[in-house]
Amino acid sequence: MLDIVSECVQVLERQEKIDKLKGTEKGAALEESDKWSSALKKAAGEKVLDDAKLLKKKIQRKEKEKKKSAKKWDDRKKTQLEEAIEKKQKKADRIQKRNEQISAKWAGKGSKKKASKSAGKKGKK
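Residues numbered from 1 in each chain as written. Predicted model: local features only at pLDDT ≥ 70, side-chain atom pairs only at ≥ 80, totals over all residues. Heavy atoms only, no water.

Enquirer: How should the overall build of the protein be read in this particular structure?
Expert: Along the backbone of the protein there are three helices and zero strands. What you see in the protein, going N to C, is helices and strands ordered as α-α-α. Long-range contacts, defined here as pairs at least 24 residues apart, represent 63% of the contacts in the protein between residues at least 6 apart. Accessible area of the protein: about 12100 Å², with a carbon and sulfur share of 54%. (Helix = DSSP H or I, 4+ residues; strand = E, 2+ residues; numbered from the N terminus. Contact = heavy atoms within 4.5 Å. Areas by Shrake-Rupley, 256 points an atom, 1.4 Å probe, with all protein chains shown as cover.)

Structure representation (structure tokens):
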């Protein structure tokens, strides 16, 4: 992203410099050398980024992609958080239901008297 921005800035500066010197011989020579260097780079198979409009569009496209990705990430985090809360609630409900079942099972059985500790010790010394 920074490479594209810096490349765009360089292209704009180069175009401003050429526009300032447009009517002079130096400006014509600069424009000619710029055209030749870009043509040689293209012939060598390198990508030449010398169109400011295209670079600006590319920057805007990257920014849009970045925002879209950030939105997707936020949505993902939100859904994961909601799912975690939902799982936690289900687990708590299951535990509560199980505890209720156990307490209902043992509800009538807890009323018997317990045998005393000394009941088995009669007659022993």
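Enquirer: Just to check I follow, could you spell out the pattern of salt bridges for this structure?
Expert: Pairs can form between side chains of opposite charge whenever their charged atoms are close. According to the stated counting rule, one finds one salt bridge in the structure shown. One salt bridge in this structure joins R14 and D34, with 3.8 Å as the shortest N-O distance. With R14 in helix 1 (residues 2-20) and D34 in helix 2 (residues 25-44), this residue pair connects regions lying 20 residues apart in the sequence. Accessibility expressed as a relative area gives 29% for R14, which makes it partly exposed. Since its relative accessible area comes to 25%, D34 is described here as partly exposed. (Salt bridge = Lys/Arg side-chain N within 4 Å of Asp/Glu carboxyl O. Buried < 20%, exposed > 50% of the residue type's maximum accessible area, 1.4 Å probe, protein only.)

Enquirer: What is the right way to look at helix 3 (residues 52-105) in this model?
Expert: Residues spaced three or four apart along an α-helix face the same direction, because each turn holds 3.6 residues. For helix 3, which comprises 54 residues, the first-to-last C-alpha distance of 79 Å matches the rise-based estimate of 80 Å (1.5 Å per residue) to within 8%. For helix 3, the full list of buried residues reads A52, L55 and I59. (Expected span 1.5 Å × (residues − 1).)

Enquirer: Teacher, can you tell me more about the side chain of S38 here?
Expert: Within the element layout of this structure, S38 appears in helix 2. Contacts of S38, omitting those with residues within four sequence positions, involve V48 and D50.

Enquirer: Looking at this model, I keep getting lost on a positive patch on the surface. Mind explaining?
Expert: On the surface, K53, K57, R61 and K62 cluster together into a positively charged patch. Secondary-structure assignment places K62 in helix 3. (Patch = residues over 30% accessible without salt bridge, like charges linked within 9 Å, V, L, I, M, F, W, Y side chains within 5 Å. Lys, Arg positive; Asp, Glu negative; His and termini not counted. Charge placed at Lys NZ, Arg CZ, Asp CG, Glu CD.)

Enquirer: What is the right way to look at the nonpolar core in this model?
Expert: In globular proteins that are soluble, nonpolar side chains generally tend to be buried together. Counting residues in each nonpolar core, the largest one holds six residues, listed as I4, C8, V11, A52, L55 and I59. Elements that contribute at least two residues to this core include exactly helix 1 and helix 3. (Core = buried A, V, L, I, M, F, W, Y, C linked by side-chain atoms within 4.5 Å.)

Enquirer: How do you make sense of helix 2 when you look at a structure like this?
Expert: For helix 2, built from 20 residues, the straight-helix expectation of 28 Å at 1.5 Å per residue is met to within 8% by its first-to-last C-alpha distance of 28 Å. At the C-terminal side of helix 2, G45 shows a positive phi close to 95°.

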